[in-house]
Amino acid sequence: GPPPPGHRHLVVVAVVQLKRPPGRAMVSLIADALLDRLVGPYARLGKRKLDLTGGSLLLKNVELRHDVLDGLGLPVAVRGGEVGELEITVPWTKLRTDSVVVRIHQLSLLLAPVCEAEWDEPAERKRAAAAKERELAALQARSAGSGTPAGLASSSSADERASKAGWVERLMQRVLDNLQVVVTSAMVRFEDYSHSGSPFGIEVAMDSLWFHPAHVDSADAAHRAPTAAGSSGGEAPPFRHREVLVCALCAYMLQGPKLEPEPARQPLGLAELRRRLESSGMAVDAPAAMRLNENACMLEPVSFAVEVRARPGR
């Protein structure tokens, strides 16, 4: 029934704090870290100003670094590389659960034996210094993973910097664990003018590749990780199970008439790279079916899926 006269109503106001998206400064910090991981080691960006804070970034005609394969210790050198379009999509409000998606369209790479290069002393010094840096980084990573006592740190300021950077590093690892990479129209050519009686080239091409965590079923950022059972924080564990889907991978040989008369002894600019790759009469982004018609394939177009499982603790 109605309350008695003079009765006062008690009104309870509940204040619900909504989860806010990351602040501008935090987004900028994470965006720079993402670009350093995803673009910096592979692309020559020159004076381009990159900004991922809006959630997406589209770059065209991106030149690949000429030292991109140096860390593998292979007897080949990069003579040129290009990505026609590079797009990165970042779901800022759901960064811990949804995928960062990297889309690479029209990837081309030209390789040659190291022995065919002209001697470049400054480049060799730079390559040797980079190798030493990689060895030092690997040594530091092993030391960090072995549980080195904190008391052995060089100074308290170093500990503070490490603590400050730690959360960004953990978030970066989370992003990389949940990363999706979509590649369309990719081609790698190896040219050899010194190990046979006549020049020859080998091209490996594919229509597409999709690298993704195993739980994701489409190339879209809006796919959340399954929450671990019994997790108090509701945050899923890092992904260690991934899949790679490859569509129309093929390989074929190019004989002398389809190659330039002289080897590429120095890294090429983008215009010269495109001209050299298309001198065989095949467009860089030609589909596998067209390549099969124009060349005697060593490997006819094949599509397949591969599961990748990391070892425990990796």
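Scope of this entry: the structure provided in the associated data block.

Criteria and cut-off values
Residues numbered from 1 in each chain as written. Predicted model: local features only at pLDDT ≥ 70, side-chain atom pairs only at ≥ 80, totals over all residues. Heavy atoms only, no water. Helix = DSSP H or I, 4+ residues; strand = E, 2+ residues; numbered from the N terminus. Buried < 20%, exposed > 50% of the residue type's maximum accessible area, 1.4 Å probe, protein only. Contact = heavy atoms within 4.5 Å. Areas by Shrake-Rupley, 256 points an atom, 1.4 Å probe, with all protein chains shown as cover. Salt bridge = Lys/Arg side-chain N within 4 Å of Asp/Glu carboxyl O. Core = buried A, V, L, I, M, F, W, Y, C linked by side-chain atoms within 4.5 Å. Disulfide = S-S within 2.5 Å. Patch = residues over 30% accessible without salt bridge, like charges linked within 9 Å, V, L, I, M, F, W, Y side chains within 5 Å.

Here the focus is the overall build of the protein chain. Each helix and strand counted, the protein chain has five helices and eight strands in total. Reading the protein chain from its N terminus to its C terminus gives the helix and strand order α-β-β-β-β-α-α-β-β-β-α-α-β. Burial analysis of the protein chain (314 residues in total) assigns 35% to the buried set. Long-range contacts, defined here as pairs at least 24 residues apart, represent 73% of the contacts in the protein chain between residues at least 6 apart. By element, 57% of the accessible surface of the protein chain is carried by carbon and sulfur atoms, the whole surface being about 19,100 Å².

Right, let's talk about the pattern of salt bridges for a bit. Scanning all chains against the criterion turns up eleven salt bridges. One salt bridge in this structure joins Asp 67 and Arg 65, with 2.9 Å as the shortest N-O distance. Relative accessible area serves as the criterion here: at 27%, Arg 65 is assigned to the partly exposed category. Salt-bridge contacts for Glu 260 lead to Arg 275; the nearest nitrogen and oxygen are separated by 3.2 Å. One end of the pair, Glu 260, is in the loop between β7 (241-255) and α4 (270-277); the other, Arg 275, is in helix α4, and 15 residues separate them in sequence. For Arg 275, a relative accessible area of 41% gives the class partly exposed. In the salt-bridge network here, residues are joined through shared partners; they are Arg 189, Glu 191, Glu 203, Arg 276 and Arg 291.

Attention now moves to the nonpolar core. One finds Leu 34, Leu 52, Ile 88 and Trp 92 to be the most contacted residues of the largest nonpolar core, which totals 41 residues. Counting only elements with at least two residues in this core, the list comes to α1 (24-38), β2 (56-64), β3 (76-89), β4 (101-113), α3 (156-177), β5 (180-192), β6 (200-213) and β7. Residue contributions to this core peak at seven residues, all from α1. Apart from residues no more than four positions distant in its own chain, Leu 52 is found in contact with Ala 31, Leu 34, Leu 35, Leu 57, Ile 88, Val 90 and Trp 92. Core analysis: the second largest hydrophobic core is formed by 15 residues, Tyr 193, Ala 248, Cys 250 and Tyr 252 among them.

It is worth spelling out the state of the cysteines at this point. In total, this model carries zero disulfides according to the counting rule given. With no disulfide of its own, Cys 250 has Cys 297 as its nearest cysteine by sulfur position, at a separation of 5.1 Å. The exposure class assigned to Cys 250 is buried, which follows from its relative accessible area of 0%.

Of note, Glu 116 is situated in the loop between β4 and α2 (121-145). On a C-alpha basis, the gap between Glu 116 and Ser 194 in space is 7.3 Å, while along the polypeptide they are 78 residues apart. Beyond its immediate stretch of four places on either side in the chain, Glu 116 contacts Arg 79, Glu 191, Asp 192, Tyr 193, Ser 194, Pro 263 and Arg 265.

Residues Met 253, Met 298, Leu 299, Val 302, Phe 304, Val 306 and Val 308 make up a contiguous nonpolar surface patch of roughly 510 Å² in combined accessible area. Sorting elements by how many residues they give to the nonpolar patch places strand β8 (residues 297-309) first, with six residues. Considering the arrangement of structural elements, one finds Met 253 in strand β7. The partly exposed category is assigned to Met 253, whose relative accessible area is 34%.

Phi at Asn 61 is positive, roughly 55 degrees, even though this residue is not glycine. Relative to the elements of secondary structure, Asn 61 occurs in strand β2. The class for Asn 61 is partly exposed, based on a relative accessible area of 38%. Of note, the phi angle at Ala 248 is positive, near 60 degrees, even though the residue is not glycine. When you line up the elements, Ala 248 lands in strand β7. Given a relative accessible area of 9%, Ala 248 falls into the buried group.

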